[in-house]
Amino acid sequence: MLKPAIDVLSGQTLFRDTFSQYASLTTYLHVLALGIYPGLLAIKLGTVLAYSVAVFFLVSVWQMFLPKCLLGLSFLLFLIFIPFYDSRWVFLAYSSVFALMFQSIAIFGLLKCLQADRPALWGVVVGISAACVFWCRQPVGGALFAAVVFVFVGLSWSGWQIPTASKQRLWKSMAIAFVAIHLLFLSHLLISGACGAW
């Protein structure tokens, strides 16, 4: 994870000049961390920050469903199973951590779409987050997109009560945000001449 981030920070083009087996957002987030503090510690601290954001949004989601004792247990299990503590494991600062962060934001936004007076605004959050998951870790991003569509189709079939105009604005805002993020990354790959290598 460190090498492609150092390469991009030094001016090389991702995929064209240097290799990463993950999608580009992971590398660019690592480049951001290295820009703040040049060294492996920055990538590790960025990973800790991503875990912190993920657990914040996951706890926000869990508290919508779980009693306090199960919420506390879920939070404790999350902290126990983060691979920080076991000396047999190398500290893993890879793309799944950032994917988890954006997934948790997308799930939070999805639930807010169901509760909010203006679900289209949360639809933008879901669309951006789901696209960012893809650009951190593609298989997870594809599965998340399918899950979001499945949830909304299932809700529509089950008689989800939302005015038709609001539902259409929600779908449009989510789709526009999702496509805009993809276009941003794809256009960057095309402009930099890295699309074929990617």
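Before reading further, recall that the structure is shown in the block above.
Below you will find a few notes about this structure. (Residues numbered from 1 in each chain as written. Predicted model: local features only at pLDDT ≥ 70, side-chain atom pairs only at ≥ 80, totals over all residues. Heavy atoms only, no water.)

1. With respect to the pattern of salt bridges
The tally for this structure, following the rule as stated, stands at 2 salt bridges. Between K3 and D7 there is a salt bridge whose closest N-O contact spans 2.5 Å. One end of the pair, K3, and the other, D7, are both in helix α1 (residues 2-9), 4 residues apart, so they sit about a helical turn from each other. For K3, a relative accessible area of 55% corresponds to the exposed category. The class of D7 is buried, set by a relative accessible area of 9%. Ionic pairing is found between R16 and D17, a salt bridge with its closest N-O pair at 3.2 Å. Among the residues examined, R16 registers a relative accessible area of 45% and is labelled partly exposed. (Salt bridge = Lys/Arg side-chain N within 4 Å of Asp/Glu carboxyl O. Helix = DSSP H or I, 4+ residues; strand = E, 2+ residues; numbered from the N terminus. Buried < 20%, exposed > 50% of the residue type's maximum accessible area, 1.4 Å probe, protein only.)

2. Concerning empty space enclosed by the protein
For the structure on display, the rule yields 1 cavity of 30 Å³ or more. Considered as a void within the structure, the largest cavity measures approximately 30 Å³ in volume. Residue assignment for the lining of the largest cavity shows that the elements contributing at least two residues are α2 (24-36) and α8 (164-191). Of the residues contributing to the lining of the largest cavity, the split by class is 5 nonpolar, 4 polar and no charged. (1 Å grid on protein atoms, 1.4 Å probe; cavity = no way out; pocket = protein on both sides within 12 Å on 5 of 7 lines; lining within 4 Å. Points joined across faces, edges and corners; volume = space filled by probe spheres on them. Nonpolar A, V, L, I, M, F, W, Y, C, P; charged D, E, K, R; others polar.)

3. What about the layout of surface pockets?
One number sums up the size of the largest pocket: a volume of about 250 Å³. L29, A33, A42, G46 and L49 are the residues nearest the centre of the largest pocket, which is lined by 14 residues in total. Those elements that provide at least two residues to the lining of the largest pocket are α2, α3 (40-62) and α5 (95-115). Broken down by element, the residue count for the lining of the largest pocket peaks at 6 residues, all from α3.

4. Topic: a nonpolar patch on the surface
Residues L32, I36, Y37, L41, L45 and V48 make up a contiguous nonpolar surface patch of about 620 Å² in total accessible area. Of all the secondary structure elements, the ones that give two or more residues to the nonpolar patch are α2 and α3. Examining the composition of the nonpolar patch, we find that 3 residues originate from one element, α3, more than from any other. Given a relative accessible area of 70%, I36 falls into the exposed group. (Patch = residues over 30% accessible without salt bridge, like charges linked within 9 Å, V, L, I, M, F, W, Y side chains within 5 Å. Areas by Shrake-Rupley, 256 points an atom, 1.4 Å probe, with all protein chains shown as cover.)

5. Things to note about the nonpolar core
L25, M101, F102, W135, V148 and F152 are the most contacted members of the largest nonpolar core, which totals 50 residues. By residue number, the principal contributor to this core is α5, which donates 11 residues. Setting aside its immediate chain neighbours within four residues, M101 contacts A50, V53 and A54. (Core = buried A, V, L, I, M, F, W, Y, C linked by side-chain atoms within 4.5 Å. Contact = heavy atoms within 4.5 Å.)

6. Comments concerning α1
Within the sequence span of α1, burial applies to P4, A5, D7 and V8. For α1, the buried positions fall inside an angular range of 160 degrees around the axis, keeping them on one side. Where α1 is buried, its residues touch α2 and α3. In the stretch just after α1, G11 is the one whose phi turns positive, near 110 degrees. (Arc of directions from axis to C-beta.)

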